[in-house]
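Summary of structural features
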Amino acid sequence: MASDQESGAPIVGRFAEHEARAAVLAELHARPFLPITLPQRVYHFAFAANEEEARADRAALADLCRAHMLVPRPDDAKFQRLSIGDWRLRWEQHTEFTTYTWSTEKDAGDPFTHPDPIGTGEIAFRPPGRLIVAAHLSAIESGHSHEPFVNLFNSQSLCVIRAAKGAAHVMTDFAPDAFGFTRLLVKANAVGALEIGRLIQRVLEIETYRTMALLGLPEAREAGPELRAMEREISDITQALSRTQDMRTSRDLLKRLSDLLAQSEALSTRTAFRFGASRAYHAIVKNRLNLIQEAKESQYTTISAFFSARLDPAIETCNAFETRQARLARQVERATDLMRTGITFEMEQQNRDLLDDMNRRARLQMRLQKLVGGLSIAALSYYVAGLSLYFFKGVKDAGYLPFGFTGEEAAAAAMPFVIFGAWAFWQRVKRLSAKAQEEEKVS
């Protein structure tokens, strides 16, 4: 039998593939590192874009490709690289933002001498959404001193590190210049084109993701007054619970708790994505700093130290806000349970009092029924006795009473039988009434 190599048929062709296999395999290669030669000037933009803006951006990118006689990528592509004259464009689409990275070797030897390529018309494209990151990176051959470049940055936030096992240096102040760009300088010596491309890409990712991570801080500040108001409300309700309340007041407090719980859930839902995204972006920043192999350079501040003093507290603020939200939700739930327990206990007390009252009324009704029954027997006996008297008088006048009895004497002798008959008749009425009630319940 021929082997697979001899038959020329791939083994995977003989099996049914998972529908996501191709996408999973391609994901690892979706955003490759590209080789970059020195010197180089790079302009990196990131735009916050929703789904509709992302679709419009793909169409705009396809128009840009056709305008320069290039073939656009498929509609589901997340990465594309274009060469347009002296420029190269790296386009990437992420979950909530899209990046445009323009780079060129033209006039790149002197750092930051071309601070506004859009204003001068060097590059032109249609932005897909709202600008969130704008970075101007210069990559040059390494010199012997940092001093000629220090004055290009803000000394109060200047960070200088060694990277790529000491083969490169990165300088930045994370502050926008007069044109709105964050300046980044990469000096490299004896570094391959692919490795310098990888370093530049990771440095740009640090700038992008640290900015995206900080988006959670304005959200926390904006929602802070609302959360503080809810914390004061739960404090007031808890204090009110410690005092004796009537049923109406308890129901009012329970309504306030229900409203507060709804507000708390709405606030948590509104902020959960942003805070979760900030933590994820912060983790990516830490990862990229590890990947570039950051090391301290002389007396300068490292990027990690700068972030520990500026970025990390912002992320901790978001985490603390979420912790407060969770604590508030637990307090509201405990207070609600306590309120419901108190209301349930009070309702049980009322039900017990109601049952006692019903039992008392039932006993009174039984006594009344007995009294009515006795009176009914007496009344019936009285009327029957009166009728019997007329009957016996008639019999006497007709001469049919024996032993010389008068009509009154005969009626008196029949009285026990009249009373017994009235009692028996009343008992039968009671039995028929009870049977009718049972039949009514069954039906």
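Residues numbered from 1 in each chain as written. Predicted model: local features only at pLDDT ≥ 70, side-chain atom pairs only at ≥ 80, totals over all residues. Heavy atoms only, no water.

Here we come to helix α6 (residues 216–241). With 26 residues, α6 extends 36 Å from end C-alpha to end C-alpha; this agrees with the ideal 38 Å at 1.5 Å per step. At Gly-224, α6 shows its largest bend, some 40°, and a proline, Pro-225, comes one to four positions later. All buried positions along α6 are accounted for by Gly-216, Leu-217, Glu-219, Ala-220, Ala-223, Gly-224, Leu-227, Met-230, Ile-234, Ile-237 and Ala-240. (Helix = DSSP H or I, 4+ residues; strand = E, 2+ residues; numbered from the N terminus. Expected span 1.5 Å × (residues − 1). Bend = angle between axes of the 7 residues up to and from the residue. Buried < 20%, exposed > 50% of the residue type's maximum accessible area, 1.4 Å probe, protein only.)

Before going further, it helps to examine the packing of aromatic side chains. For the structure on display, the rule yields 17 aromatic pairs. Between Phe-97 and Tyr-281 the ring centres are 6.4 Å apart and the planes differ by 65°, which places this aromatic pair in the edge-to-face class. Note that Phe-97 is positioned in strand β4 (residues 97–104) and Tyr-281 in helix α7 (residues 247–291), a separation of 184 residues in sequence. Side by side, Phe-97 and Tyr-281 carry an identical accessibility label, which is buried. Ring centres of Tyr-100 and Phe-125 lie 4.6 Å apart, and the angle between their planes is 20°; on these two criteria the pair is classed as stacked. One end of the pair, Tyr-100, is in strand β4; the other, Phe-125, is in the loop between β4 and β5 (130–141), and 25 residues separate them in sequence. A residue is classified by how much of its surface remains accessible, and Phe-125, at 19% relative accessible area, is buried. An aromatic cluster is defined as three or more aromatic residues linked by ring pairs; in this entry it consists of Tyr-43, Phe-45, Phe-47, Trp-87, Tyr-100, Trp-102, Phe-125 and Phe-181. Its end group placed over the ring of Phe-112, Arg-183 keeps NZ or CZ at 5.0 Å from the ring centre. (Phe/Tyr/Trp six-rings, centres within 6.5 Å; stacked < 30°, edge-to-face > 60°. Lys NZ or Arg CZ within 6 Å of the ring centre and 35° of its normal.)

Scanning all chains against the criterion turns up 1 cavity of 30 Å³ or more. Roughly 170 Å³ of volume is contained in the largest cavity. Around the largest cavity sit 13 residues that line it, and Leu-34, Ile-36, Arg-90, Thr-101 and Ser-103 are the ones nearest its centre. Among the elements that make up the lining of the largest cavity, the one with the highest residue count is helix α5 (residues 193–213) (4 residues). Within the lining of the largest cavity, the residues separate by chemical class into 6 nonpolar, 4 polar and 3 charged. (1 Å grid on protein atoms, 1.4 Å probe; cavity = no way out; pocket = protein on both sides within 12 Å on 5 of 7 lines; lining within 4 Å. Points joined across faces, edges and corners; volume = space filled by probe spheres on them. Nonpolar A, V, L, I, M, F, W, Y, C, P; charged D, E, K, R; others polar.)

In this section: the pattern of salt bridges. Evaluated as defined, the whole model comprises 16 salt bridges. Note that Asp-63 is salt-bridged to Arg-66, the shortest N-O span being 2.8 Å. With Asp-63 and Arg-66 both in helix α3 (residues 51–67), this residue pair falls 3 residues apart, about one helical turn. According to the relative accessible area criterion, Asp-63 is partly exposed, its value standing at 40%. Two residues, Arg-162 and Glu-297, come together in a salt bridge whose shortest N-O distance is 3.2 Å. With Arg-162 in strand β6 (residues 159–163) and Glu-297 in the loop between β9 (295–296) and α8 (303–397), this pair connects stretches of sequence that are 135 residues apart. For Arg-162, a relative accessible area of 31% puts it in the partly exposed group. Using a relative accessible area of 15% as the deciding quantity, one classes Glu-297 as buried. (Salt bridge = Lys/Arg side-chain N within 4 Å of Asp/Glu carboxyl O.)

What follows deals with the environment of Thr-104. If you trace the backbone, Thr-104 turns up in strand β4. Among the residues examined, Thr-104 registers a relative accessible area of 0% and is labelled buried. Spatially, the C-alpha atom of Thr-104 lies 15 Å from that of Thr-120, the residues being 16 residues apart in sequence. Once you skip the residues sitting within four places of it in the chain, Thr-104 turns out to touch Gln-40, Arg-41, Asp-86, Trp-87 and Arg-88. (Contact = heavy atoms within 4.5 Å.)

In this section: the pairing of strand β8 (residues 182–188). Counting buried positions over the 7 residues of β8 gives 7, a clear majority of the element. Side chains of β8 alternate between two faces, with Thr-182, Leu-184, Val-186 and Ala-188 and Arg-183, Leu-185 and Lys-187 buried alike. With 7 bridges joining them, β5 and β8 adopt parallel strand pairing. Pairing of Ala-139 across the sheet is with Val-186, part of β8. Examined bridge by bridge, strand β7 (residues 168–176) and β8 share 6 bridges and lie antiparallel to one another. Opposite Thr-172, over in β8, you have Leu-184 as the bridge partner. With antiparallel pairing between neighbouring strands as the criterion, β7 and β8 make up a hairpin whose turn holds 5 residues, including Gly-180 at a positive phi of roughly 90°. (Pairing = 2+ DSSP bridges.)

Core analysis: the largest hydrophobic core is formed by 37 residues, its most contacted members being Leu-137, Ile-196, Leu-199 and Phe-307. Contributing elements (two or more residues each) for this core: β1 (40–48), β5, β6, β7, β8, α5, α7 and α8. For this core, the element with the highest residue contribution is α5, accounting for 9 residues. In contact with Leu-137, other than residues within four places in its own chain, are Gln-40, Arg-41, Val-42, Leu-184, Val-186, Ile-200, Val-203 and Leu-204. Membership of the second largest hydrophobic core comes to 19 residues, among which are Ala-223, Ala-240, Leu-253 and Cys-318. (Core = buried A, V, L, I, M, F, W, Y, C linked by side-chain atoms within 4.5 Å.)

Looking at the secondary structure, you find Asp-57 in helix α3. One buried charged side chain, Asp-57, makes no salt bridge at all; its nearest oppositely charged neighbour is Arg-126, positioned 6.8 Å away. (Lys, Arg positive; Asp, Glu negative; His and termini not counted.)

In spatial order, the strands read β2-β3-β4-β1-β5-β8-β7-β6-β9; together these 9 strands make up an open sheet with mixed pairing. Two strands bound the open sheet, and with one partner strand each, they are β2 (79–84) and β9. Of the strand pairs in this sheet, β6 and β7 are connected by 5 bridges, and their pairing is antiparallel. What sits directly across from Ile-161, in β7, is Val-170. Running at roughly 155° to strand β3 (residues 87–93), α3 makes contact with β1, β2, β3 and β4 of the sheet. The strands touched by α5 within the sheet are β1, β3, β4, β5, β6, β7 and β8, with β5 carrying the most contacts at an inclination of about 150°. (Axes fitted to C-alpha atoms, helices over the stretch in contact; angles between N-to-C directions.)

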